[in-house]
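# Coordinates in review
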Amino acid sequence: MSLVSGAQDAIPAISPATLRAWLQDGAELAILDAREEETFSAAHLLHAANFPLSRLEALAPALLPRRDVRIVLTDEGEGLAQTAAQRLAGFGYAAVSVLEGGNAAWAAAGYPLYSGVHVPSKAFAEVIEHEWGTPYITARELAEFQARGEKLTLLDARPYEEHHNHTVPGSTFVPGAELLLRAGDVVSGPDELVVVHCGGRTRSIIGAQALISGGLKNRVVSLKDGTMAWALEGLDLAFGAQGHPPAFVSGAARTFAEEAGARVAQQAQVEHISAAQLEEWRTDKTRTLHVFDVRTPAEFREGHLPGSLSAPGGQLVQETDSFIAVLGARIVLVDDESLARARITAFWLKQLGWSEVVILDGGLGAGVLETGETAPACLVSRSLKMEMWRACLPHNFRPCWIRPRVSRWWIWH
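Because the structure is a prediction, the values reported are computed rather than measured.

## Side note on the overall build of the protein
Secondary structure assignment for the protein yields 18 helices and 19 strands. Out of the 413 residues belonging to the protein, those deemed buried represent 48%. In the protein, the share of contacts with a sequence separation of at least 24, taken over all contacts with a separation of at least 6, comes to 73%. Per element, the accessible surface of the protein, about 19,800 Å² overall, is 54% carbon and sulfur.

Structure, rendered in structure tokens:
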């Protein structure tokens, strides 16, 4: 390990071999690429989270909640990693280092780089399809199926914004983690073909396999390559869709969801913790802890546990590295009393390699709730705080010291 010169507080630089060893030692580690997403997507380390220098202060509180976690910054040699490392150290992060030589040195050492975004999640879906044999149909086959008027339930597993932007005609909006919970209400009968789609592949595969693993009796398939394939076939997309699944989940649908959730949770050996255990974990300063509410954003606003962050289950699986940067972190999932969404999310996160994923027993009933959005946290430097303070002062304010017997006072002139 060497020290990077030219810094007021020298930042350690580690070799690719050292980083490789750290990845295998089992201790918590965050690998952060300080470039913007466009350049990051061209080539990056597999386990690196995109952490642009331009958004460091906004991203750090949620991604790096523990100030003494090991952090390694990297880039393509532009100096962004060093600047980001110095800035994090200035905010009190105590174990920050940079990858000596950056991504180029990593590649020169014989280690691979990857292109794209959310690569671990996307590669995982490909493995699932290959190893588990998740069935699919092509866009042309789906169009022919629709033209024949055969029984079909078409489900769009993306967030509402994507569904609203464009979707396959006839789709019902049911985002990823909601599929088990709402299948009983959106699938009309056991003889219908159920097709799950997204914009490409990942959420189609994961959504279809969730229903299959959960025990849905229907034939379930993913739409190969999603809306992208539909458009490439010259088929018309639907724009501006506004449909939502029923707000009320029927008793029958909830029963299926609870049974399906219990089935997948048992397969992945998902554990539960009590509210008391969660509070104990919150006070443990030696471990990184994330508490995610996997329900819909609307439900989160209506009431959530203090200290939890909204992370709809489907998106948490689809872009895990946007929510979790610390490898080896503890993850607690919060849901309503059915726990179906938490269970299918935990099922997938465990398969992805996040070993310490647990569900809060009792869901939202485990504590007092608060409403509204979570106020975004942001790191603020001492100099910026002073600038903000000065900007709030009246134009005619001048400080003057008066020395009374006990303390000092500011007075107005």
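## Describing the pattern of salt bridges
For the structure shown, the criterion picks out 27 salt bridges. In this structure, Asp-336 engages Arg-254 in a salt bridge whose closest nitrogen and oxygen atoms are separated by 3.7 Å. One end of the pair, Asp-336, is in the loop between strand 16 (330-334) and helix 17 (340-352); the other, Arg-254, is in helix 12 (residues 251-267), with 82 residues separating them in the sequence. For Asp-336, a relative accessible area of 9% corresponds to the buried category. Overall, Arg-254 belongs to the partly exposed group, its relative accessible area being 22%.

## Concerning the sheet that holds strand 16
The strands making up a sheet associate through backbone hydrogen bonding, with each pair oriented either parallel or antiparallel. On the basis of which strands lie adjacent, the open sheet formed by 5 strands has the order 12-17-16-13-14 and parallel pairing. Because the sheet does not close on itself, it has two edges, and the strands there are strand 12 (271-273) and strand 14 (309-310). Bridge analysis of strand 13 (residues 289-293) against strand 16 gives 5 bridges, and the strand direction is parallel. Each residue of the ladder has a partner; that of Val-291, found in strand 16, is Val-332. The strands that helix 13 (residues 275-282) touches are strand 12, strand 13, strand 16 and strand 17 (357-360); relative to strand 13, the one it contacts most, it runs at about 135 degrees.

## Here we look at the confidence of the model for the protein
Summarising the model, the protein shows a mean pLDDT of 91, and 90% of its residues fall at 70 or more. Low pLDDT, under 50, characterises residues 400-413; the stretch is placed with 21 contacts to residues that sit more than four places away or in other chains.

## Observations regarding the side chain of Glu-319
Mapped onto the elements, Glu-319 comes out in the loop between helix 15 (313-318) and helix 16 (320-323). Despite its burial, Glu-319 pairs with no opposite charge, the nearest such side chain being Arg-203 at 5.9 Å. Ignoring anything within four residues of it in the chain, the contact list for Glu-319 reads His-118 and Ser-121.

## Re helix 6 (residues 119-132)
The periodicity of an α-helix, 3.6 residues per turn, causes residues three or four places apart in sequence to face the same way. The terminal C-alpha atoms of helix 6, which comprises 14 residues, lie 19 Å apart, in line with the 20 Å expected from a rise of 1.5 Å per residue. Looking at helix 6, one finds that the buried residues are Val-119, Ser-121, Phe-124, Ala-125, Ile-128 and Glu-129. Considering only its buried residues, helix 6 is in contact with strand 7 (136-137), helix 10 (202-214), strand 11 (219-223), helix 15, helix 16 and helix 17. Following helix 6 by one or two positions, Gly-133 has its phi on the positive side, about 70 degrees.

## A word on the nonpolar core
Proteins that are soluble and globular tend to have nonpolar side chains buried together. Leu-64, Leu-73 and Leu-88 are the most contacted members of the largest nonpolar core, which totals 75 residues. Among the elements that make up this core, the one with the highest residue count is helix 17 (6 residues). Residues in contact with Leu-73, not counting those within four places in the same chain, are Leu-32, Ala-34, Phe-51, Ala-81, Ala-84, Ala-85, Leu-88, Val-96, Ser-97, Val-98 and Leu-99. Listed in part, the 15 residues of the second largest apolar core include Ala-139, Ala-143, Phe-145 and Ala-229.

## Comments concerning the sheet that holds strand 9 (residues 172-173)
Spatially, the 5 strands line up as an open sheet ordered 7-11-10-8-9, and their pairing is parallel. The open sheet has two edge strands with one neighbour each: strand 7 and strand 9. Relative to strand 11, strand 10 (residues 193-197) is paired through 4 bridges, and the arrangement is parallel. Residue Leu-193 lies in a different strand from strand 11, and its bridge partner there is Arg-219.

What counts and what doesn't
Every chain is numbered on its own, with residues counted from 1 as its sequence reads. The predicted origin of the model limits local features to residues at a pLDDT of at least 70 and limits the giving and counting of side-chain atom pairs to 80 or more, whereas totals for whole chains, interfaces and linings rest on all residues. Hydrogen atoms and water are omitted, and side-chain values are computed over all heavy atoms in the structure. Secondary structure counts use DSSP, requiring at least four H or I residues in a row for a helix and at least two E residues in a row for a strand, with both numbered from the N terminus. Burial here depends on accessible area, computed with a 1.4 Å probe over protein chains only, as a share of the maximum for the residue type. Under 20% is buried, over 50% is exposed, and the range in between is partly exposed. Should any heavy atoms of two residues lie within 4.5 Å, those residues are counted as being in contact. Accessibility throughout is a Shrake-Rupley quantity obtained with a 1.4 Å probe, and a residue counts as covered only by protein chains that appear here. By definition, a salt bridge exists where a carboxyl oxygen of Asp or Glu is found within 4 Å of a side-chain nitrogen of Lys or Arg. At least two DSSP bridges between two strands are needed for those strands to be called paired. In this description, a line fitted to the C-alpha atoms serves as the axis of each element, helices being fitted only across the stretch in contact, and the angle between N-to-C directions of two axes falls anywhere from 0 to 180 degrees. The score called pLDDT rates the predictor's confidence residue by residue, from a low of 0 to a high of 100. By the counting scheme adopted, Arg and Lys are positive, Glu and Asp are negative, and His together with the chain ends is not counted. How far a helix is expected to stretch is found by multiplying one less than its residue total by 1.5 Å. Remark: nonpolar core denotes a set of buried residues (Ala, Val, Leu, Ile, Met, Phe, Trp, Tyr, Cys) joined through side-chain atoms within 4.5 Å.

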